[in-house]
Amino acid sequence: MTAQAPVLDLDITGIAHGGTFIARHEGRVVFVPDAIPGERVRARIVDPSLRLADARSVQASGSGADTRSFWRAETLEVLDPSPHRRPHVWAEADVSRAPEDRVGGADLGHIALDEQRVFKRRVLQEALDKFAGAGLSAPEVRSVDDGDGTRWRTRISLHVDAEGRIGPYAARSHRVIDVASLPLARAAVEQAAFALRAQKPGRVDLVESGDERVHVLPRPEGGRRGRSETIVERVAGRRFRLDAGGFWQVHPRAGETLHAAVADALAGRVDPDATHFDLYGGVGLFAATLGEQGATDIVTVESDRRATEYAAENLADLDAQAVTARVDRFLAGLPEGTRAGAVVLDPPRAGAGRAVVESIHGVDPEAVVYVACDPVALARDLGTFRGLGWDVSSLRAFDLFPHSHHFEAVAVLTR
Ligand SMILES: C[S@@+](CC[C@H](N)C(=O)[O-])C[C@H]1O[C@@H](n2cnc3c(N)ncnc32)[C@H](O)[C@@H]1O
């Protein structure tokens, strides 16, 4: 018999973290992209090892051939569309194209913008309920401008394949797709992307800096990632110098939005005599916020040496120390009895983790301000803080990644 992937008609009942949606088939969870809760879709199961014969035997016996608790699928056709469905904001990601030809990176772009934010809030609420303990309410995920959610990406990565094709990858694949538009990219970034010629296979990053110049950073396969040129970003009147290829938030309003949220959280909580910590500090954005709020003794900790060097320069007018270290090791090495004023942390997607949360608890700060880019990691870490006696005194969320499942949250913890 020819192996053939099963096609099923599925009712979409929920949204999962990561930009896919949830259906159930005979009790098993099926993750389905390009769908919306309330819809009925025709979808093909894509787990490579699962073929029609296996699926039938699983269905017939209720056990046996496939023991995984979930399947993955791809939407072939929307049978009963949601009122929130829109033509995809990126034509090359639309459900009308073959699944393998749909670009990735805009996994909510088929949903009305306001409703995307409702779904993001739901994802945060479900993560809080599951991992952070009872009684926390997810806030509204607020828009940071009144636009249509396009033209915000100051940073994009394109890929170059062996045939010299340049473009984004297809969703959940490493196949380069030729596209006629990059609607989430800033206009100048899109223009620079379409002007690219003859790149070596690998990746090409494009970065629009605060002065609206676009920098092209080729990253050929096997090439060493060297230093790139220095760029300047501006937040609340302060200049931040950084490596063009180094970390900086992607949305042009992100720096101001998060700086303002952290400043609100810190207001009245900065004791000028205490030592304050900016953990996962990058080039010093929130160390500067601490300084603006009256901190006079600030330590910013970051594992990337280049970023720390820039942080030292960027914060030269403040009494700030920029340390290159892994946060877990840095905190574990603090002298016994160290006490902190406020701690700001902005970890990568994996979150801070139990050991770091316990170390922060150990320095007994006045307040902890947690800037999060992953709702599940945030919820886990909030659960750990709450288990140690901390309260979540405020939680805000910002839609800094329209048309994708990502967003940022800022939590304040006090005791
Ligand atoms: C989400 S970024 C935040 C950067 C900065 N707060 C900002 O807003 O520009 C996370 C930063 O943590 C750094 N990082 C990742 N893992 C780390 C670790 N274990 N210890 C210290 N820094 C780490 C990354 O290099 C990155 O600069």
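In this text the structure is predicted, and so the values were computed from the model without any measurement.

## A word on the domain arrangement of the chain
- Taken domain by domain, the chain comprises domain 1 (7–85), domain 2 (117–147 + 233–414) and domain 3 (155–228).
- Averaged C-alpha coordinates put domain 1 and domain 2 at centres separated by 37 Å.
- Between domain 1 and domain 2, the contact holds 9 residues from the first and 8 residues from the second.
- Between domain 1 and domain 2, a total of about 680 Å² is buried, with carbon and sulfur atoms accounting for 72% of that surface.
- For the pair domain 1 and domain 2, the interface holds 0 salt bridges.
- Classifying every residue of the side of domain 1 that touches domain 2 by side-chain character gives 4 nonpolar, 5 polar and no charged.

## Concerning the nonpolar core
- Counting 60 residues, the largest nonpolar core has I156, L158, L182, L206, L266 and L290 as its most contacted members.
- In terms of residues, this core owes the most to one element, helix α4 (residues 254–266), which gives 6 residues.
- Two domains share this core, each providing at least three of its residues, namely domain 2 (117–147 + 233–414) and domain 3 (155–228).
- Excluding anything up to four places from it in sequence, L158 contacts I166, G167, P168, L182, A193, L196, G202, R203, V204 and L206.

## Side note on the sheet that holds strand β9 (residues 202–208)
- Overall, antiparallel pairing links the 4 strands, which are arranged β8-β7-β9-β10 in an open sheet. Since the sheet does not close on itself, it has two edges, and those belong to β8 (166–167) and β10 (214–220), each with one partner.
- Relative to β10, β9 runs antiparallel, the two being bridged by 7 bridges. Across the sheet, L206 pairs through a bridge with V216, a residue of β10.
- Running at roughly 145° to β9, helix α3 (residues 187–194) makes contact with β7 (155–160), β9 and β10 of the sheet.

## A few points about the site of the ligand
- As a matter of local geometry, the ligand sits amid 14 residues, with Y280, E302, S303, V327 and D346 nearest to it.
- In this structure, Y280 approaches the ligand through a main-chain N or O atom, which is 3.1 Å from a nitrogen atom.
- The separation between an oxygen atom of the ligand and a polar side-chain atom of E302 is 2.7 Å.

## What to know about the environment of G255
- Within the fold, G255 resides in helix α4.
- Considering only alpha carbons, one finds G255 and R234, 21 residues apart in sequence, at a separation of 8.1 Å.
- Residues in contact with G255, not counting those within four places in the same chain, are V235 and L285.

## Considering the UniProt feature "active site" (unreviewed entry) in the chain
- In the numbering used here, UniProt assigns the "active site" (unreviewed entry) feature to C373.
- Along the chain, the position of C373 falls in the loop between β17 (367–372) and α9 (375–387).
- With a relative accessible area of 17%, C373 lands in the buried category.
- Sequence-distant contacts of C373, defined by excluding residues within four places in its chain, comprise P347, P348, R349, F407 and E408.

## Remarks on unusual backbone geometry
- Of note in the backbone geometry, E26 takes a positive phi value of approximately 50° without being a glycine.
- Checked against the element boundaries, E26 lands in the loop between β2 (21–25) and β3 (28–32).

## Things to note about the packing of helix α8 (residues 354–362) against α9
- Where α8 meets α9, the closest approach of the two axes is 10 Å, and the angle between their N-to-C directions is 40°. Considering the angle they form, α8 stands oblique to α9. The two elements α8 and α9 meet at a crossing, and its hand is right-handed. Of the residues in α9, those in contact with R354, V357 and I360 of α8 are D381, T384 and F385.
- Grouping the constituent residues of the contact of α8 with α9 by class yields 3 nonpolar, 1 polar and 2 charged.

Cut-offs used in this document
- Residues numbered from 1 in each chain as written.
- Predicted model: local features only at pLDDT ≥ 70, side-chain atom pairs only at ≥ 80, totals over all residues.
- Heavy atoms only, no water.
- Domains from an automatic or database assignment.
- Contact = heavy atoms within 4.5 Å.
- Buried area = accessible area lost by both parts, 1.4 Å probe.
- Salt bridge = Lys/Arg side-chain N within 4 Å of Asp/Glu carboxyl O.
- Nonpolar A, V, L, I, M, F, W, Y, C, P; charged D, E, K, R; others polar.
- Core = buried A, V, L, I, M, F, W, Y, C linked by side-chain atoms within 4.5 Å.
- Buried < 20%, exposed > 50% of the residue type's maximum accessible area, 1.4 Å probe, protein only.
- Helix = DSSP H or I, 4+ residues; strand = E, 2+ residues; numbered from the N terminus.
- Pairing = 2+ DSSP bridges.
- Axes fitted to C-alpha atoms, helices over the stretch in contact; angles between N-to-C directions.
- Near = heavy atom within 4 Å.
- Polar contact = N/O pair within 3.5 Å; in protein donor to acceptor, adjacent residues only side chain to side chain.
- UniProt positions renumbered as here; feature names shortened; annotations may be inferred.
- Parallel < 35°, antiparallel > 145°, perpendicular 65-115°, else oblique.
- Left-handed = near helix turned anticlockwise from the far one by under 90°.

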